[in-house]
Amino acid sequence: MDPIFLSHRGESDDAPENTMQAYQLAMDRDSDGIELDIRLTADGRVVCVHDADLERVAGNPAEVANHTLAELRKIHPVPELHEVLAILRPGSMIQIELKGTETLLPKLRPLLTPELCRKLDVRISSFKAELLKAAADLFPELPRLLLIDPIKHFGHLPTADETAALLAQYRATGISIRANLAYTAEFVWELKARGLGVVAWGVSNDRLGLHMAEIGVDAMTCNHAVALRALWRAK
């Protein structure tokens, strides 16, 4: 079965990352879905921004947590999560990466209604142990992915047993691994046999993306997901 190709921060090779323009471009291109990052503003709005501040995307050091949505939008077109959810086609996957602190989660809960989760395939991810563990309490019904570079974490290419034990510590139902040619189909299969989801991030080139598809990951995030999907289907 084909993996799901998720537009990373939208189709961000061709539009500014984590903007409505990038997300809409993904939908216009019939992407399988999108990946995005969320933070909480000073006035309690759930917004889509990767970094803690706007320095990289807008050349302004304004910190998301210390400014209101209105203040941030004077600097950069920061979207709210609910605006993005509204434009996604039914059946689309959305992988939501949790940033910031646990104060984000109570604000996220009302947005991910049962009705919405029937319409979309919603996944939660994070690099942060405390956020994933807390998310397990508030979102027990949703897949929760640990974002990690396992090779860097363990200092070697881990076994499926080592990986599964780590996920149990984080109360995660799956893993998003940094794409690497060292991973094998056997590794992916052994994780799936344990009922764990396997996603890839850091798909920086087509060779990496095609390899991850070949070894059977469930999904991957890529800045040009639609073009990569076309390459895979042409093989």
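These figures come from a predicted structure and were not determined experimentally.

Enquirer: Sorry, what's going on with the overall build of the chain here?
Expert: Counting its secondary structure elements, the chain contains twelve helices and nine strands. Here the C-alpha radius of gyration of the chain, 17 Å, is about what a compact globule of 235 residues would show, namely 18 Å. A principal-axis box enclosing the C-alpha atoms of the chain has dimensions of 50 × 40 × 35 Å. Looking at the chain as a whole, 51% of its 235 residues are labelled buried. Between the averaged position of the 26 positive side-chain charges in the chain and that of its 33 negative side-chain charges there is a distance of 2 Å.

Enquirer: Sorry, what's going on with the layout of surface pockets here?
Expert: Roughly 360 Å³ of internal volume is contained in the largest pocket. Along its surface, the largest pocket is lined by 23 residues, and His8, Arg9, Trp201, Gly202 and Asn223 are the ones closest to its centre. Secondary-structure elements contributing two or more residues to the lining of the largest pocket are strand S2 (33-40), strand S4 (93-98), strand S7 (174-178) and strand S9 (219-222). Tallied by class, the residues present in the lining of the largest pocket amount to five nonpolar, ten polar and eight charged.

Enquirer: Would you explain the pattern of salt bridges in this entry?
Expert: Pairs may arise between side chains of opposite charge once their charged atoms sit close together. Taken as a whole and assessed by the stated rule, the structure comprises 18 salt bridges. Asp2 serves as the salt-bridge partner of Arg233, at 3.7 Å between the closest nitrogen and oxygen. Placement of the pair is Arg233 in helix H12 (residues 225-234) and Asp2 in the segment before strand S1 (4-8), with a sequence separation of 231 residues. On the basis of relative accessible area, Arg233 is assigned to the exposed category, the value being 53%. Salt-bridge contacts for Arg73 lead to Glu83; the nearest nitrogen and oxygen are separated by 2.8 Å. With a gap of ten residues between them, Arg73 in helix H3 (residues 69-73) and Glu83 in helix H4 (residues 81-87) connect regions that are remote in the sequence. For Arg73, a relative accessible area of 37% puts it in the partly exposed group. By sharing partners, the salt bridges in this structure join Arg9, Glu17, Asp37, Asp51 and Arg56 into a single network.

Enquirer: For this particular structure, what's the right way to read unusual backbone geometry?
Expert: With the exception of glycine, most residues fall at negative phi, and the peptide bonds are largely trans. If you check the backbone angles, Asp30 has positive phi at about 65° while not being a glycine. Tracing the sequence through the fold places Asp30 in the loop between helix H1 (20-28) and S2. Judged by relative accessible area, which is 44%, Asp30 ranks as partly exposed. Positive phi is not limited to glycine here, since Arg171 has a value of about 55°. Within the secondary structure layout, Arg171 lies in the loop between helix H9 (160-169) and S7. For Arg171, a relative accessible area of 38% translates into the label partly exposed.

About the cut-offs
- Residues numbered from 1 in each chain as written.
- Predicted model: local features only at pLDDT ≥ 70, side-chain atom pairs only at ≥ 80, totals over all residues.
- Heavy atoms only, no water.
- Helix = DSSP H or I, 4+ residues; strand = E, 2+ residues; numbered from the N terminus.
- Rg over C-alpha atoms; globule rule 2.2 N^0.38 Å.
- Buried < 20%, exposed > 50% of the residue type's maximum accessible area, 1.4 Å probe, protein only.
- Lys, Arg positive; Asp, Glu negative; His and termini not counted.
- Charge placed at Lys NZ, Arg CZ, Asp CG, Glu CD.
- 1 Å grid on protein atoms, 1.4 Å probe; cavity = no way out; pocket = protein on both sides within 12 Å on 5 of 7 lines; lining within 4 Å.
- Points joined across faces, edges and corners; volume = space filled by probe spheres on them.
- Nonpolar A, V, L, I, M, F, W, Y, C, P; charged D, E, K, R; others polar.
- Salt bridge = Lys/Arg side-chain N within 4 Å of Asp/Glu carboxyl O.

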